[in-house]
Every structure is written in C-alpha cells, then in structure tokens.
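# A structural walkthrough
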Amino acid sequence: MAQSDNTNIKDLPMYKKSLDVFKLSRHIAAYITYDKDIIAMHTSKNYLDKYADKLVIDALGLVPKIVETENEINPIKKIKQAKALRFFYRQIILYL
C-alpha cells in the first residue's frame, strides 16, 4: 500500500478520533468488568465481560482500518476499505 498523498496519518482528525474511541471503550470495559484484561474478558462466561470484550476489540479495529483506507491509492479498493471501516463503526454503535 502506497500512501495516496503526503498527509501524515497521525495528523488526520479521523485517526485521532479513532484512538479516542479506543481509549474510551477501554475505560468503559475496565469499569464494567472491574478492570479485567482483554484475555480475561474474552474467556469469561459473564455477559458484561463478553460485551466489553467485543466493544474493545471492535474499537481497536478502527485504527488500522483508517490507516489502510487512507493509504489505499486504488479508488475501488479504497471504497472497499471504507465499507469495512463502516462495519467496525456500526458494531461500536450497537454496543453503546
């Protein structure tokens, strides 16, 4: 993947917001699971732990998808990446 322009990914508002969403989701997960780590949440049978695990994992998925989308030069592939990005966004909205 070649970068489509000289914009630094870390300077993009969407990238910064995705990091904020991840940090917020991790704080929410820590609060409702009494600060369990990701593996403990994932292996737990508790409904809240599973909920928190899915929220954190999907929020974490936003960051690389934004980078992939921004770096894609091919417009058809860029649209495909954007659709994948929308999937993560919708999943997070469903959890909130």
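Residues numbered from 1 in each chain as written. Predicted model: local features only at pLDDT ≥ 70, side-chain atom pairs only at ≥ 80, totals over all residues. Heavy atoms only, no water.

Tallying secondary structure elements over the chain gives four helices and zero strands in all. Secondary structure of the chain in N-to-C order comes out as α-α-α-α. The C-alpha extent of the chain, read off along each of the three principal axes, is 45 × 25 × 20 Å. Split into buried and exposed, the 96 residues of the chain put 31% on the buried side. Taking the intrachain contacts of the chain between residues at least 6 apart in sequence as the baseline, contacts between residues at least 24 apart amount to 57%. Here the chain has roughly 6700 Å² of accessible surface; of this, 63% comes from carbon and sulfur atoms. (Helix = DSSP H or I, 4+ residues; strand = E, 2+ residues; numbered from the N terminus. Buried < 20%, exposed > 50% of the residue type's maximum accessible area, 1.4 Å probe, protein only. Contact = heavy atoms within 4.5 Å. Areas by Shrake-Rupley, 256 points an atom, 1.4 Å probe, with all protein chains shown as cover.)

At a minimum axis separation of 9 Å, helix α1 (residues 13-32) and helix α3 (residues 47-71) run at an interaxial angle of 165°. By the angle between their directions, the pair α1 and α3 is classed as roughly antiparallel. Considering only the axes of α1 and α3, their crossing is left-handed. On α3, the residues touching M14, Y15, S18, L19, V21, F22, S25, R26, I28, A29 and I32 of α1 are L48, Y51, A52, L55, V56, A59, L60, L62, V63, I66 and V67. (Axes fitted to C-alpha atoms, helices over the stretch in contact; angles between N-to-C directions. Parallel < 35°, antiparallel > 145°, perpendicular 65-115°, else oblique. Left-handed = near helix turned anticlockwise from the far one by under 90°.)

All right, on to helix α4 (residues 75-95) then. Counting along an α-helix, one turn takes 3.6 residues, and residues three or four places apart therefore face a common direction. Look at α4: 31 Å from first C-alpha to last across 21 residues, which is about the 30 Å you get at 1.5 Å a residue. Among all positions in α4, only Q81, L85, F88, I92 and Y95 are buried. The arc that holds every buried residue of α4, seen down its axis, measures 70°, which confines them to one face. More than 90 degrees from the buried face of α4, the exposed residues found are P75, I76, I79, K80, K83, R90 and L94. Its buried side turned inward, α4 meets α1 and α3. By the N-cap criterion, in which a side-chain oxygen at the helix start approaches the backbone nitrogen of a residue two or three places on, α4 is capped by N74, the distance to I76 being 2.8 Å. (Expected span 1.5 Å × (residues − 1). Arc of directions from axis to C-beta. Polar contact = N/O pair within 3.5 Å; in protein donor to acceptor, adjacent residues only side chain to side chain.)

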